[in-house]
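A closer look at the structure
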Amino acid sequence: MASAFAARLAHRALLRVSGAEAEKFLQGLITNDMRLLKQQPLLYAAALNAHGRVLEDLFVYNDTASGGYLLECDIQQRGALERRLKLQRLRTKVEITPHDGRVWCLGNYAGNPAQLSAVAQAGGPDSRFRGEISPSVHSLHRVIADSIDTSLPIMSEAEYAAFRLQTGIGEGPVDIPPGEALPLEHNLDLLGGVSWTKGCFVGQELTARTHHVGTVRKRLLPVEIQDWAGETVAPGTSLEASETSTTQRTGIFRSQAGAHGLAIVPLSASQVQVKSVDGKLLTLAVRQPAWLQLALAASKPGHARTES
């Protein structure tokens with residue numbers, strides 16, 4: 001059996017949205033369906049701008065303490081998200097306040113996450129995954145708590161980042177640049193972060209058009225630097241087609257943890273090249289993780305077509 005672990009996600013922060021019209025307010029602003037929280041403890045989503053570009057990737061939790069919701073986003077984005085929500089609420093009966101809870105990720109935990117801490121406020125299974133996440137991680141939970149069972153091995157933030165990148169999970173403004181990233185290219189649809197039946201939300205028109213009649217040729221995929229010797233690649237660096245590639249379509253490097261990284265890459269690519277910060281040309285091996293292959297195979301007619 002795979003070992004259980006816990007990771008304290010200090011790079012993630014929380015906002016509380018409460019009040020009589022909190023559900024209605026958020027329903028018109030995020031990509032997922034708030035009504036799902038009547039059957040599940042949390043959901044994955046994003047907030048988009050009017051042009052269909054991601055502003056923040058989010059988790060939304062049921063907040064039993066207030067009867068409202070907790071929004072989890074990257075700590076660098078909480079201030080901007082709070083200011084925008086306060087502008088958008090107009091006369092809506094909602095309160096928006098920072099919340100100081102701590103976010104934890106639990107891997108391979110077989111028990112009830114709510115029992116890990118007497119002060120656990122919210123949490124549940126990570127709603128992004130349909131099956132095995134990686135060969136060593138078969139389940140993920142997210143929990144908001146001041147502390148958890150210290151008998152669990154603690155994974156550092158650097159180790160968590162490496163795990164995310166090797167698994168192909170994008171989080172935060174480096175992996176999903178605000179105002180630039182398209183939700184389908186960054187796998188929000190495959191990770192269950194977009195509802196196609198909920199009705200209107202900000203940025204819906206372009207996203208829905210791509211889903212129903214468009215083609216997603218590139219996606220955020222894990223890459224590995226071949227023969228890595230400590231080189232660094234800057235986020236946003238353009239990719240080049242490898243010498244053996246049959247396509248000239250390239251992509252963009254997003255983030256790095258050691259030899260591993262994430263990049264927007266054509267789905268047909270097995271190798272691409274990129275220049276390090278000191279100008280060295282590196283070869284990147286491209287991989288499609290099992291969860292992504294499963295999600296692509298499960299795509300139904302009428303979903304955005306995925307082509308090489």
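Structure shown above.
To keep things clear, this report deals only with the structure shown in the data block. Owing to the predicted nature of the structure, the values given are computational and were not obtained by experimental measurement.

**Quick notes on the sheet that holds strand β14 (residues 252-257)**
Strand order in the open sheet formed by 6 strands is β13-β16-β17-β12-β15-β14, and the pairing between neighbours is antiparallel. Each edge of the open sheet is held by one strand with a lone partner, namely β13 (240-241) and β14.

**Some details on the pairing of strand β12 (residues 218-225)**
Buried residues dominate β12, accounting for 6 of its 8 residues. The pairing of β12 with strand β15 (residues 260-266) spans 7 bridges and is classified as antiparallel. Within β15, the residue paired with K218 across the bridge is P266. As paired elements, β12 and strand β17 (residues 281-286) share 3 bridges and run antiparallel to each other. Within the sheet, the bridge partner assigned to V223 lies in β17 and is V286.

**A look at the sheet that holds strand β8 (residues 122-125)**
Read across the open sheet, the 5 strands follow the order β8-β9-β7-β1-β10; overall the sheet is mixed. Bordering the open sheet on either side are β8 and β10 (154-155), each of which pairs with just one other strand. Note that strand β1 (residues 5-8) and strand β7 (residues 103-107) share 4 bridges and pair antiparallel. In the strand pairing of β7, A7 is matched with C105.

**Quick word on unusual backbone geometry**
Phi is positive for L90, which is not a glycine, with a value near 50 degrees. With respect to the helices and strands, L90 occurs in the loop between α2 (78-88) and β6 (95-99). Positive phi values are uncommon outside glycine, yet D227 reaches one of about 55 degrees. When you line up the elements, D227 lands in the loop between β12 and β13. Using a relative accessible area of 75% as the deciding quantity, one classes D227 as exposed.

**Some thoughts on the environment of M155**
Turning to its location among the elements, M155 is positioned in strand β10. According to the relative accessible area criterion, M155 is buried, its value standing at 16%. As a C-alpha pair, M155 and F5 span 150 residues in sequence and 6.5 Å in three-dimensional space. With residues up to four places along the chain from it excluded, the contact list for M155 reads F5, A6, A7, R8 and Y160.

**Considerations on helix α5 (residues 204-213)**
If you check which residues of α5 are buried, you get T207, A208 and H211. End-on, the buried residues of α5 take up no more than an arc of 95 degrees, which puts them together on one face. Away from its buried face by more than 90 degrees, α5 exposes E205 and V213. Considering only its buried residues, α5 is in contact with β3 (42-48).

**Notes on the pattern of salt bridges**
Applying the stated criterion across every chain, the model contains 17 salt bridges. E171 is the salt-bridge partner of R128, the closest N and O atoms lying 3.4 Å from each other. Taken as a pair, R128 in the loop between β8 and β9 (140-144) and E171 in the loop between α3 (157-167) and α4 (172-175) lie far apart in primary sequence, 43 residues in all. E171 carries the same exposure label as R128, and that label is buried. A single salt-bridge network, built from bridges that share partners, covers R12, D57, E72, D126, R128, R142, R164, E171 and D175.

The rules behind each value
- Residues numbered from 1 in each chain as written.
- Predicted model: local features only at pLDDT ≥ 70, side-chain atom pairs only at ≥ 80, totals over all residues.
- Heavy atoms only, no water.
- Pairing = 2+ DSSP bridges.
- Helix = DSSP H or I, 4+ residues; strand = E, 2+ residues; numbered from the N terminus.
- Buried < 20%, exposed > 50% of the residue type's maximum accessible area, 1.4 Å probe, protein only.
- Contact = heavy atoms within 4.5 Å.
- Arc of directions from axis to C-beta.
- Salt bridge = Lys/Arg side-chain N within 4 Å of Asp/Glu carboxyl O.

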